[in-house]
Amino acid sequence: MKYYLIVGEASGDLHASHLMRALKNEDPAAEFRFFGGDLMAAEGGTLVRHYRDLAYMGFIPVLMHLPTILRNMRQCKQDIVAWQPDVVILVDYPGFNLKIAKYVHSHTRIPVYYYISPKIWAWKEYRIKNIRRDVDELFSILPFEVPFFEQKHHYPIYYVGNPTADEVREFKVQSSEFKVQSSKTIALLAGSRKQEIKDNLPAMLEAASAFDSYELVVAGAPSIEPSFYEPFVRGHKVKVIHNQTFALLAQSTAALVTSGTATLETALFRVPQVVCYKTPVPRLVRFAFNHIIKCRYISLVNLIADREVVPELLADRFSTDNIRRHLAAILPGGEKREEMLSGYADVSRALGDLRAPDNAAAIMVEKLRAGKNTK
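Each value, and the rule that gives it
- Residues numbered from 1 in each chain as written.
- Predicted model: local features only at pLDDT ≥ 70, side-chain atom pairs only at ≥ 80, totals over all residues.
- Heavy atoms only, no water.
- Helix = DSSP H or I, 4+ residues; strand = E, 2+ residues; numbered from the N terminus.
- Buried < 20%, exposed > 50% of the residue type's maximum accessible area, 1.4 Å probe, protein only.
- Contact = heavy atoms within 4.5 Å.
- Areas by Shrake-Rupley, 256 points an atom, 1.4 Å probe, with all protein chains shown as cover.
- Pairing = 2+ DSSP bridges.
- Axes fitted to C-alpha atoms, helices over the stretch in contact; angles between N-to-C directions.

As for the overall build of the protein
Tallying secondary structure elements over the protein gives 17 helices and 13 strands in all. A buried classification covers 53% of the 375 residues belonging to the protein. Taking as baseline every contact in the protein between residues at least 6 positions apart, the subset at least 24 positions apart corresponds to 65%. Carbon and sulfur atoms provide 53% of the accessible area of the protein, an area that totals close to 17,700 Å².

A few points about the sheet that holds strand E6 (residues 137–140)
With parallel pairing, 7 strands are arranged side by side in an open sheet as E3-E2-E1-E4-E5-E6-E7. Two strands in the sheet have a free side with no partner beyond their single neighbour: strand E3 (46–50) and strand E7 (158–159). Both strand E1 (residues 2–6) and strand E2 (residues 31–36) contribute to a ladder of 5 bridges, which runs parallel. Across the sheet, the residue bridging to Tyr4 is Arg33, located in E2.

Digging into unusual backbone geometry
Residues other than glycine predominantly adopt negative phi, and peptide bonds predominantly adopt the trans conformation. Residues other than glycine seldom take positive phi values, yet Asp92 does so here, at roughly 50°. Looking at the element boundaries, Asp92 is found in the loop between strand E4 (87–91) and helix H5 (94–107). Judged by relative accessible area, which is 17%, Asp92 ranks as buried. Phi at Arg270 takes a positive value of approximately 60°, unusual for a residue other than glycine.

Description of the sheet that holds strand E10 (residues 238–242)
Read from one edge to the other, the open sheet built from 6 strands follows the order E10-E9-E8-E11-E12-E13, with strand pairing classed as parallel. Strand pairing shows two members of the sheet lacking a second neighbour, E10 and strand E13 (312–314), which therefore form its edges. Across the sheet, the mean angle from the axis of one strand to that of its neighbour is 20°, orientation sign disregarded. Note that strand E11 (residues 254–257) and strand E12 (residues 273–277) share 3 bridges and pair parallel. Residue pairing in the sheet places Val257 in a bridge with Val275 of E12.

Written out as structure tokens, the structure reads:
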């Protein structure tokens, strides 16, 4: 069968490449065409447009590149119609992908599958109308999305497992480094974007430096050049490592983590953590979080557990003193350490042991074959 995939960023390229590999196992005759990246290209098929040409974030960059974005969207629509795939598989990136879904639904009879469902539980919940109208099958990697879609919005969804849990499990099995457990390392995961690092790393370093019996290690983000970290770490007793985040977490006693997938990775390595996220106009952000944003937490750990397992020092709660105090509570002997580790066990149980791309691919191929048999 013919599969057309669309991603808009590096994480989507990674997840889609794993899905493509799994689809080939289920369907040896699989053909691929895609808007994607290098990892997807390595799995075979035709790369129509690289995600670097799509990945504009924020109002001003989008406005400046609007002609390019519209041109890419037009090319994508035309290319799908010309190639006539058996299915279009959208991967996250809802701003672009939901528009493609609307076009495919209204102009063709090609089914639309959405892998890694849009996070409308946090923002833009009204998009459920588009999803209900334009998406034939929805696949989730977060277990709490199932009651959100099925109970609140009466829209069926498949929870297929979590790719981060898959990756951590594979690392633990394959890497001998996992067996080395240091008791004197504090990991600093300050985000994947330059602005996040600028905002969070200075306070993280200042707070963690109070624990001078511990080695401080910053996990360098893959997309950030090593020289970017130099002004921040100068004058501190700290190391920066690159492309070794899992190895670092496997050997760490505790961590300071900026919100994102890193919070879940840290939990799956059973490293107690403090979530730190500095924002501009903190009181306004707190108001928005309490009254506008539709979710109670910012970290995946707490969202999955549906309770506060890890402290979230967001906006007006972000300060060096707060970070230092919460860090002390999760180091060995601290009053919150064992309670947090117990919460991590609940998160692992909620995620389960399904391998997300394999499970999703099996469901997709089964449904597509059943659809062909009924025509």
